[in-house]
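# Working through the structure, step by step
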Amino acid sequence: MRLTHNPSFLRQAGIMIVVLAAIVAAAYVLDGARCALWAAGAGLATGALFALFSALRSRQVMRLASEVDEVLHEGRRIDFSDYREGDLAILKNQLSKMVATLRDATMRLEKEKGALADALADVSHQIRTPLTAMSLMVPAIEKSTDDAERTRTLRELERMIDRVGWLVSTLLKVAKVDAGAFRVQKVHVDAARMAHDALSPLAAALDLHDIACTIDASEGASFTGDAAWSAEALENVLKNCMEHTPSGGAIRVEVREDALACRIRVTDTGPGIAPEDLPHVFERFYRGGQAERVEQGAARDAGQGAEPQEQGTGERTCPAPQGRAASRSAQGFGIGLALAQSLVSAQRGTLRASNAPEGGARFDMTFPKMNV
């Protein structure tokens, strides 16, 4: 922008001309023409310096504006470090912060966009498998003439519908946790009662699978948190243990409190967690190599009238023996333990997985005390 087209410069120049004319007139009246000439010369020199300063300042401002425009529209990365000190330094510093903030925000958005695309792909994959199996079951039910076979297939179809419903419900809970859209209460929680509340919905399934579950809780053990969400997290851990424990096995829940935290340990008598899967058990949709191989044939087996497999939500793959326990562990979605860890972390707690020295898997849930 030229100075002659700058309204601010024209206004300032007009004011200076008026002031200079007044000074020259006053000098002529007071001390004659010679004094007026000196005043005019000094005024012209001052005006020239003002014009030069304004030109340099306008050039710097326009350069800064041009670079900002390139950042906004072309994504160009610029460096503000070559600006000298002056009254533009503050503006330059703020613009530098703005560019850095915009760049970080863009990187975060790109990362979140990629994570969202991966999550949607995982959800689509997890839902598509049971839906494919169900679509293959419908013609089999229509063509079946054996009432017992038809009843068995209908029950399997109902089981798969329940699995899809559980998956959708769990994914909604995970989304709420990620978005921070659910409220965590901070109240006194009786740890023993919370453990029994978590176990209660699984009592029938444990009896059906012939798995014993015991709770050993210290008297008065408690923590500050949300009883409902804590029970939900523990229930998912117990469900995972149930799905990987063979018939005749046992699950043990220990509740202890010390000066630092309330600690809940869950152990089972299953085959444990494979070493290569141990770092990934809390990752969403991770179920290990064995589970993935079994899933590839699930829809095909359903269409061929294979024997139904027990429902599961397990995330871990173990060197389990062939049979019922192995089939249960392979049928999970890989989301239960991820939800459990998210719910515990939202209460400033921790959830860790390991293998017990005596065998089987071990999960340690810790709720630290606020005041030590």
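Residues numbered from 1 in each chain as written. Predicted model: local features only at pLDDT ≥ 70, side-chain atom pairs only at ≥ 80, totals over all residues. Heavy atoms only, no water.

## A few points about the overall build of the chain
Helix and strand counts for the chain come out as ten helices and seven strands. Evaluated residue by residue, the chain yields a buried proportion of 38% over its 372 residues. Within the chain, counting contacts between residues at least 6 apart in sequence, those at least 24 apart form 72% of the total. Accessible area of the chain: about 21,600 Å², with a carbon and sulfur share of 57%. (Helix = DSSP H or I, 4+ residues; strand = E, 2+ residues; numbered from the N terminus. Buried < 20%, exposed > 50% of the residue type's maximum accessible area, 1.4 Å probe, protein only. Contact = heavy atoms within 4.5 Å. Areas by Shrake-Rupley, 256 points an atom, 1.4 Å probe, with all protein chains shown as cover.)

## Considerations on the sheet that holds strand β7 (residues 361–368)
If you walk across this open sheet you meet the five strands as β2-β4-β5-β7-β6, and the pairing is mixed. Each edge of the sheet is formed by a strand with only one pairing partner; in this case those strands are β2 (212–217) and β6 (350–355). Going across the sheet, the axis of each strand differs from the next one's by a mean of 15°, ignoring polarity. Strands β2, β4 (250–257), β5 (261–268), β6 and β7 of the sheet are contacted by helix α6 (residues 227–243), whose axis makes an angle of about 170° with β7. Strand contacts of helix α10 (residues 336–345): β6 and β7, with the helix running at about 140° to β6, the strand carrying the most contacts. (Pairing = 2+ DSSP bridges. Axes fitted to C-alpha atoms, helices over the stretch in contact; angles between N-to-C directions.)

## A word on the nonpolar core
Among the nonpolar cores identified, the biggest contains 47 residues, and Leu234, Leu238, Ile251, Val266, Phe363 and Met365 are the most heavily contacted of them. No other element matches α6, which puts seven residues into this core. Leaving out residues up to four positions away in the same chain, methionine 365 has contacts with Ala233, Leu234, Val237, Cys262, Arg263, Ile264, Val344, Thr350 and Leu351. Among the nonpolar cores identified, the runner-up in size contains seven residues, and Ala133, Ile141, Met160 and Val164 belong to it. (Core = buried A, V, L, I, M, F, W, Y, C linked by side-chain atoms within 4.5 Å.)

## So, the confidence of the model for the chain
Per-chain confidence: the chain averages 77 in pLDDT, with 76% of residues scoring 70 or above. Confidence drops under pLDDT 50 across residues 290–300; counting only partners more than four residues distant or on other chains, this segment forms 22 contacts. Throughout residues 302–314 the model reports pLDDT below 50, and contacts reaching past four residues in sequence, or to other chains, amount to 45 contacts. (pLDDT = per-residue confidence, 0-100.)

## Some words on the packing of aromatic side chains
Applying the stated criterion across every chain yields a total of one aromatic pair. Seen from their ring centres, phenylalanine 223 and phenylalanine 367 are 4.1 Å apart, and the 5° between their planes marks the pair as stacked. Taken together, the residues span a long stretch of sequence, with phenylalanine 223 in strand β3 (residues 222–225) and phenylalanine 367 in strand β7 at a distance of 144 residues. Using a relative accessible area of 2% as the deciding quantity, one classes phenylalanine 367 as buried. (Phe/Tyr/Trp six-rings, centres within 6.5 Å; stacked < 30°, edge-to-face > 60°.)

## Focus: the side chain of glutamine 347
Position of glutamine 347 among the secondary structure elements: in the loop between α10 and β6. We classify glutamine 347 as buried; its relative accessible area is 7%. Within polar-contact distance, the side chain of glutamine 347 engages the backbone oxygen of leucine 343 at 3.3 Å. In contact with glutamine 347, not counting residues within four places along its chain, are Val184, Phe223, Gly225, Asp226, Trp229, Ser230 and Phe367. (Polar contact = N/O pair within 3.5 Å; in protein donor to acceptor, adjacent residues only side chain to side chain.)

## Let's talk about a nonpolar patch on the surface
Nonpolar side chains collect at one region of the surface, where Ile15, Val19 and Ile23 lie side by side and expose about 270 Å² of accessible area between them. The residue isoleucine 15 is located in helix α1 (residues 7–74) in this model. (Patch = residues over 30% accessible without salt bridge, like charges linked within 9 Å, V, L, I, M, F, W, Y side chains within 5 Å. Salt bridge = Lys/Arg side-chain N within 4 Å of Asp/Glu carboxyl O.)

## A word on helix α3 (residues 147–179)
Counting along an α-helix, one turn takes 3.6 residues, and residues three or four places apart therefore face a common direction. A rise of 1.5 Å per residue sets the reference length of α3, with its 33 residues, at 48 Å; its end C-alpha atoms lie 48 Å apart and thus fit the reference within 8%. The residue sitting at the N-terminus of α3 and contributing the capping side-chain oxygen is aspartate 146; that oxygen lies 3.1 Å from the backbone nitrogen of alanine 148. (Expected span 1.5 Å × (residues − 1).)

## Focus on the packing of α3 against α10
Orientation of α3 relative to α10, taken along the N-to-C sense of each, is 30°, at an axis distance of 10 Å. Relative to α10, α3 is oriented roughly parallel. Relative to α10, α3 is oriented so that their crossing is left-handed. Contacts between α3 and α10 involve Trp166, Thr170, Lys173, Val174 and Val177 from the former and Gly336, Leu339, Ser342 and Leu343 from the latter. Across the contact of α3 with α10, the residue classes tally to five nonpolar, three polar and one charged. (Parallel < 35°, antiparallel > 145°, perpendicular 65-115°, else oblique. Left-handed = near helix turned anticlockwise from the far one by under 90°. Nonpolar A, V, L, I, M, F, W, Y, C, P; charged D, E, K, R; others polar.)

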